[in-house]
Amino acid sequence: VHRGNKIQWVKVKKELVEKTKVAMLSDAPYFVLVAENPSKGLFNTAIVENDGTKWGSGIFALDAGSKQEAQKLEKWLVSEEMQKEVAKLLALKNVYTFSGPMMEKLPWHE
C-alpha cells in the first residue's frame, strides 16, 4: 500500500504462496490493509474485499465484518489521534517500520 492508498500488486511464485500459514487466513468479508511504514505517523491504508488473495510481508490485513466497519476502522487508523500515537511509538523505538507488537499497543477504535 503506497502513498495515496494505492495498492501495488506483485505476482509471486506458487511455492511461496503455498507456504502461507493457516493462522494467517481469514474468512472476513473485508480487510483494511495497512502498510508497515507510516510517514510521519500516518498509515497508508486500503479497503479490499476478501477474495482469497494472500498478502506479503509489509502489510497488516485487519479483518472487517462489513464495508461500513472497514471504513470506520480505516478512518480511525488515519485519524489525527492515531497519527500522534504511531509517531510517538516510532520515536520511542527509534524505528521507521511498524511491527505487530507495536500495532497491538495502539488504542482500539469503538
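Residues numbered from 1 in each chain as written. Predicted model: local features only at pLDDT ≥ 70, side-chain atom pairs only at ≥ 80, totals over all residues. Heavy atoms only, no water.

A. Inspection of the overall build of the protein at higher detail. A count of helices and strands for the protein gives 4 helices and 3 strands. Of all 110 residues assigned to the protein, the portion counted as buried reaches 30%. The long-range fraction of contacts in the protein, counting pairs at least 24 apart against all pairs at least 6 apart in sequence, stands at 66%. Carbon together with sulfur atoms contributes 52% to the accessible area of the protein, which is approximately 7,900 Å² in total. (Helix = DSSP H or I, 4+ residues; strand = E, 2+ residues; numbered from the N terminus. Buried < 20%, exposed > 50% of the residue type's maximum accessible area, 1.4 Å probe, protein only. Contact = heavy atoms within 4.5 Å. Areas by Shrake-Rupley, 256 points an atom, 1.4 Å probe, with all protein chains shown as cover.)

B. Highlighting the environment of Q83. Tracing the sequence through the fold places Q83 in helix α3 (residues 80-93). Classification of Q83 as partly exposed rests on a relative accessible area of 25%. In this structure the C-alpha to C-alpha distance between Q83 and G41, which are 42 residues apart in sequence, comes to 4.6 Å. Sequence-distant contacts of Q83, defined by excluding residues within four places in its chain, comprise K40, G41 and L42.

C. Representation of the layout of surface pockets in the model. Considered as a void within the structure, the second largest pocket measures approximately 160 Å³ in volume. Every residue lining the second largest pocket is listed: F60, A61, L62, L77, M82, G100, M103, E104, L106, P107 and W108. Counting only elements with at least two residues in the lining of the second largest pocket, the list comes to β3 (59-64) and α4 (100-105). Grouping the constituent residues of the lining of the second largest pocket by class yields 9 nonpolar, 1 polar and 1 charged. (1 Å grid on protein atoms, 1.4 Å probe; cavity = no way out; pocket = protein on both sides within 12 Å on 5 of 7 lines; lining within 4 Å. Points joined across faces, edges and corners; volume = space filled by probe spheres on them. Nonpolar A, V, L, I, M, F, W, Y, C, P; charged D, E, K, R; others polar.)

D. Looking closely at the nonpolar core. Residues V34, F43, L77, V86, F98, M103 and L106 are the most contacted members of the largest nonpolar core, which totals 19 residues. Breaking this core down by element, the ones donating at least two residues are β1 (30-35), β3, α2 (67-77), α3 and α4. Discounting chain neighbours no more than four positions away, the residues touching F98 are E36, P38, F43, F60, V86, L89, L90, M103 and L106. (Core = buried A, V, L, I, M, F, W, Y, C linked by side-chain atoms within 4.5 Å.)

E. Just the sheet that holds β3, in detail. Strand order in this open sheet of 3 strands is β2-β1-β3, and the pairing throughout is antiparallel. Looking at the sheet topology across the chains shown, the edges are occupied by β2 (45-49) and β3. If you compare each strand with its neighbour and ignore which way they point, the axes differ by 25° on average. Both β1 and β2 contribute to a ladder of 5 bridges, which runs antiparallel. Looking across to β2, one finds that Y30 is bridged to E49. Set on the sheet, α2 makes contact with β1, β2 and β3; between it and β1 the angle comes to about 20°. (Pairing = 2+ DSSP bridges. Axes fitted to C-alpha atoms, helices over the stretch in contact; angles between N-to-C directions.)

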